Amino acid sequence: FWYAGFGWGDSGGWIWGNRNAAVPAAVTNDGELSGPGVAILEVANKQDYVGQPFEVRNVSVDHWSGNRAVWIGSRHSFLPILLILSASSPLTPAARPGATGNGQPAASVPGAPATVQLLDVTGRIMKAPPTAQAQQQWSLSDDDVNQLEDEGVYIQATTVRPATKR
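About the cut-offs
Residues numbered from 1 in each chain as written. Predicted model: local features only at pLDDT ≥ 70, side-chain atom pairs only at ≥ 80, totals over all residues. Heavy atoms only, no water. Helix = DSSP H or I, 4+ residues; strand = E, 2+ residues; numbered from the N terminus. Core = buried A, V, L, I, M, F, W, Y, C linked by side-chain atoms within 4.5 Å. Buried < 20%, exposed > 50% of the residue type's maximum accessible area, 1.4 Å probe, protein only. Salt bridge = Lys/Arg side-chain N within 4 Å of Asp/Glu carboxyl O. Arc of directions from axis to C-beta. Contact = heavy atoms within 4.5 Å. pLDDT = per-residue confidence, 0-100. Axes fitted to C-alpha atoms, helices over the stretch in contact; angles between N-to-C directions. Parallel < 35°, antiparallel > 145°, perpendicular 65-115°, else oblique. Left-handed = near helix turned anticlockwise from the far one by under 90°.

### Looking at unusual backbone geometry
One non-glycine residue, Asn58, lies in the positive phi region at around 65 degrees. The phi angle at Ser139 is positive, at roughly 55 degrees, despite the residue not being glycine. Among the structural elements, Ser139 can be located in the loop between helix H4 (131-138) and helix H5 (142-151).

### Structural notes on the nonpolar core
By size, the foremost hydrophobic cluster in this structure holds 22 residues, and its most contacted members are Leu83 and Leu119. Sort the elements by how many residues they give to this core and strand S1 (residues 53-65) lands first, with five residues. Membership of the second largest hydrophobic core comes to 11 residues, among which are Ala69, Ile84, Ala128 and Trp138.

### Let's talk about the pattern of salt bridges
Enumeration according to the criterion identifies two salt bridges in this entry. Here Lys46 and Glu151 are joined by a salt bridge, their closest N and O atoms 4.0 Å apart. Within this pair, whereas Lys46 is found in the loop between helix H3 (38-42) and S1, its partner Glu151 is found in helix H5, the two being separated by 105 residues in sequence.

### Let's talk about H5
Within H5, burial applies to Asp144, Val145, Leu148 and Glu151. With its buried residues spanning 125 degrees around the axis, H5 presents them on a single face. Exposed side of H5, more than 90 degrees from the buried face: Asp142, Asp143, Glu149 and Asp150 are the residues found there. Residues of H5 that are buried make contact with S1, strand S2 (69-72), strand S3 (81-84), H4 and strand S5 (153-162).

### Overview of the environment of Leu33
Residue placement: Leu33 occurs in the loop between helix H2 (13-16) and H3. Judged by its relative accessible area of 10%, Leu33 falls in the buried class.

### Re the confidence of the model for the protein
Residue-level pLDDT values for the protein average 73, and 63% of them are 70 or greater. Contacts from residues 5-31, a stretch scored under 50 in pLDDT, to residues over four places away or in other chains number 22 contacts.

### Things to note about the packing of H4 against H5
Where H4 meets H5, the axes come as close as 10 Å, and the angle between the chain directions of the two elements is 130 degrees. One element, H4, and the other, H5, form an angle in the oblique class. In this structure, H4 crosses over H5, and the sense of that crossing is right-handed. Contacts between H4 and H5 pair Thr131, Ala134, Gln135 and Trp138 from the former with Asp142, Val145, Leu148 and Glu149 from the latter.

See below:
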């Protein structure tokens with residue numbers, strides 16, 4: 001009975017387990033991520049959502065890739081998805097907070113995030129174009145193109161704004 005209920009030594013028994021063991025930290029979002037697009041971020045296969053509208057608030061910026069491309073969502077424990085900004089987006093590289101006058105992020109390191117860390121996004125889920133076309137159109141790196149090919153989809157943004165606290 002003693003072993004079954006309490007075990008001996010440092011085992012802690014099978015009823016209580018080892019109470020001294022480190023509990024792994026849970027992976028969670030920041031609690032502010034919201035909107036109908038969250039369901040799309042959560043699924044691994046996003047192909048079924050091609051053509052569907054997308055909207056999220058307070059989504060994390062993973063990294064900026066090129067002039068109009070941004071990876072979002074990975075800090076919320078989702079696979080990142082590529083967001084393509086419209087040519088008229090106010091978040092062009094030169095207008096992003098922390099950017100330099102030459103259109104590069106202040107850190108001047110490709111892929112380094114500007115100071116905008118959360119975005120409010122509306123757009124539409126689109127089928128990814130062929131890799132050569134995506135690389136040419138959006139100035140994506142080989143790694144970015146490979147990830148886009150794996151995902152099979154991207155978000156064509158309608159509006160993108162730095163997130164504001166509500």
